[in-house]
Amino acid sequence: MSVVCAVLLAAGFGRRLRPLTTIRAKALCPVGNVPLLDRALDRLAGLGLSGPATVAVNASYLADQVVAHVGDRARLSVELPAPLGTAGALGQLRDWIDGRGVLAGNADAYLAGASAPGPDIADLLTGWDGRRVRMLVRPAAAGQGEFGGWRFAGFSLLPWWRVSALTSAPAELWREVWRPAEAAGELDLVPYSGTYLDAGTPADYLAANLHAADAAGGALVAEDATVTGPLRRAVVGAGAVVDGSLDRCVVWPGGRVGAGERLVDAVRVGVDLTVAAGLARTSQAPGTA
C-alpha cells in the first residue's frame with residue numbers, strides 16, 4: 001500500500017448548525033460528550049495515523065478555538081480570511097503532503113461501527129494501489145444517492161497524482177477530484193456497515209447524540225453533571241445541572257435546565273439558549289461545509 005497521510009477538514013462555517021456554531025466551531029461541538037474532532041482524531045489513531053507528521057487539521061471559522069483544541073496533536077493549516085473549501089484545503093497543504101496519498105475526512109462526520117474506530121473504516125486502505133480514488137459510502141434512500149444508490153460517508157482516499165494538481169484557490173473535492181474520477185472510471189465506492197451522520201444540521205446533530213446515548217443504554221451523563229429530573233434518551237455534558245425533564249435532548253457542558261422545564265427534541269446551551277432539533281434533515285453536496 002502507498003504511504004498515506006490524513007487531513008481532517010474542520011474549517012467550515014457550519015451555517016446549517018447555527019446558532020450552535022455561533023458559539024463553538026462545528027468540529028468542536030460535542031457528540032456523546034466528545035468533540036467531533038476528537039472522535040475523528042481517535043479514528044485516525046486507530047489506523048496508526050497520529051501526530052503532526054501524518055495528520056493535519058485545517059481551520060478558518062473560529063480558527064483560534066480549533067488551533068487551541070488541537071494543540072500539537074496534528075499539523076495545523078489556518079485558512080484566512082475565509083475557508084478554502086475541501087479541495088483548496090488540500091492544495092494549501094500540498095508541500096506537507098509531498099507525494100503521499102491522502103485520507104481526507106470531514107470533522108463533522110459521526111461514524112459508529114461494529115468494530116473500534118479506525119478498524120471500522122480500514123477497508124478504505126486495504127489493498128489500495130495508490131492510483132484510484134476511494135470513497136466511504138452508505139446506501140442512500142430512493143432518489144437521494146449522490147453516486148448511484150450510494151451517499152458519501154465522511155471519508156475519501158485520494159492518490160497523490162490527483163492531489164498534486166490542486167491549488168489553494170477555493171474549490172471543492174466534489175468538483176475537482178470525485179466527479180472527474182467517477183467520469184474516468186477511477187472511483188471505488190467502499191460500503192460502510194455502521195451508522196453515519198454528517199451532524200451538520202440540528203436534526204442530524206441530535207440524532208448523532210441520541211445514537212451515542214442509545215449505545216450507552218439510553219443516557220450519557222458526565223460524571224460531574226447534576227441531574228435530578230427524569231431523562232429519556234439524553235446526553236448531559238460536564239458541569240451541567242438538570243432539574244427539569246429531558247426527552248431526546250442534549251445539554252452542553254455547563255448548561256442549565258431549571259425545575260419545571262420540559263425539553264423535547266432540543267439542544268440546551270447555557271441557561272436559556274434552546275435549539276429545536278426535531279425538524280426534517282437537510283441535504284447538501286458531499287464535501288462542502
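Read on for a plain summary of the structure. Just so we're clear, the structure is a prediction, and the values are computed from it rather than from any experiment.

Conventions we followed
- Residues numbered from 1 in each chain as written.
- Predicted model: local features only at pLDDT ≥ 70, side-chain atom pairs only at ≥ 80, totals over all residues.
- Heavy atoms only, no water.
- Phe/Tyr/Trp six-rings, centres within 6.5 Å; stacked < 30°, edge-to-face > 60°.
- Helix = DSSP H or I, 4+ residues; strand = E, 2+ residues; numbered from the N terminus.
- Lys NZ or Arg CZ within 6 Å of the ring centre and 35° of its normal.
- Buried < 20%, exposed > 50% of the residue type's maximum accessible area, 1.4 Å probe, protein only.
- Pairing = 2+ DSSP bridges.
- Axes fitted to C-alpha atoms, helices over the stretch in contact; angles between N-to-C directions.
- Contact = heavy atoms within 4.5 Å.
- Patch = residues over 30% accessible without salt bridge, like charges linked within 9 Å, V, L, I, M, F, W, Y side chains within 5 Å.
- Areas by Shrake-Rupley, 256 points an atom, 1.4 Å probe, with all protein chains shown as cover.
- Salt bridge = Lys/Arg side-chain N within 4 Å of Asp/Glu carboxyl O.
- Core = buried A, V, L, I, M, F, W, Y, C linked by side-chain atoms within 4.5 Å.

Some remarks on the packing of aromatic side chains
In the structure shown here, the tally under the stated rule is three aromatic pairs. Judged by centre distance (5.6 Å) and plane angle (55 degrees), the ring pair of F13 and Y61 falls under tilted. With F13 in the loop between β1 (4–9) and β2 (30–31) and Y61 in the loop between β4 (55–59) and α2 (63–70), this pair connects stretches of sequence that are 48 residues apart. Pairing F147 with W174 gives two aromatic rings, centres 5.8 Å apart and planes at 65 degrees, and the pair type is edge-to-face. Taken together, the positions of F147 in the loop between β8 (133–139) and β9 (150–158) and W174 in helix α6 (residues 173–183) put the pair 27 residues apart, joining distant regions of the chain. Its guanidinium or amino end placed over the ring of W174, R179 lies 4.1 Å from that ring's centre, counting from NZ or CZ.

Section: helix α1 (residues 36–45)
Among the 10 residues that make up α1, seven are buried, leaving the element largely enclosed by the rest of the structure. Among the residues of α1, those classed as buried are L36, L37, D38, A40, L41, R43 and L44.

Some remarks on the sheet that holds β8
The sheet built from seven strands is open, its strands ordered β5-β4-β1-β6-β9-β8-β10 with mixed pairing. Across the chains shown, the open sheet's two edge strands, defined by having one partner strand only, are β5 (75–78) and β10 (187–191). Within this sheet the neighbouring strands show an average axis-to-axis angle of 30 degrees, counted without direction. Strand direction decides the pairing type here: strand β6 (residues 101–106) and β9, joined by four bridges, are antiparallel. Paired with L103 across the bridge in β9 is L157.

With respect to the sheet that holds strand β14 (residues 231–236)
One open sheet accounts for five strands, arranged β12-β14-β16-β18-β19; its pairing is mixed. The strands lining the two open edges of the sheet, one partner per strand, are β12 (219–221) and β19 (273–276). Pairwise comparison of adjacent strand axes, ignoring direction, gives a mean angle of 35 degrees for this sheet. Sheet topology note: the β12/β14 ladder contains three bridges and is parallel. Among the inter-strand pairings, L220 is bridged to a residue of β14, identified as V235. The sheet contacts of helix α7 (residues 202–215) involve β12, β14, β16 (245–251), β18 (262–269) and β19, and relative to β16 the element is tilted by about 105 degrees.

Focus on unusual backbone geometry
With omega at 10 degrees, the peptide bond leading from R18 into P19 counts as cis. Structurally, P19 can be placed in the loop between β1 and β2. Cis geometry marks the peptide bond from L80 to P81; its omega dihedral reads 10 degrees. Mapping P81 onto the fold places it in the loop between β5 and α3 (85–92). Despite not being glycine, N33 shows a phi value in the positive range, around 65 degrees. Residue classification places N33 among the partly exposed positions, given a relative accessible area of 29%.

What about a nonpolar patch on the surface?
Taken together, V67, V78 and L80 make up a surface patch of nonpolar side chains, about 250 Å² in accessible area. You can see V67 is positioned in helix α2. What makes V67 partly exposed here is its relative accessible area of 31%.

Some words on the nonpolar core
Formed by 34 residues in total, the largest nonpolar core has its most connected members in L37, V57, L103, L136 and F155. Counting only elements with at least two residues in this core, the list comes to β1, α1, β4, α2 and β9. Looking at this core element by element, the count peaks at four residues for α1. Beyond its immediate sequence surroundings of up to four residues, L37 is in contact with L8, A27, L28, V57, V66, H69, V70 and A107. Formed by 27 residues, the second largest nonpolar core is a distinct cluster that contains L93, V137, L158 and L166.

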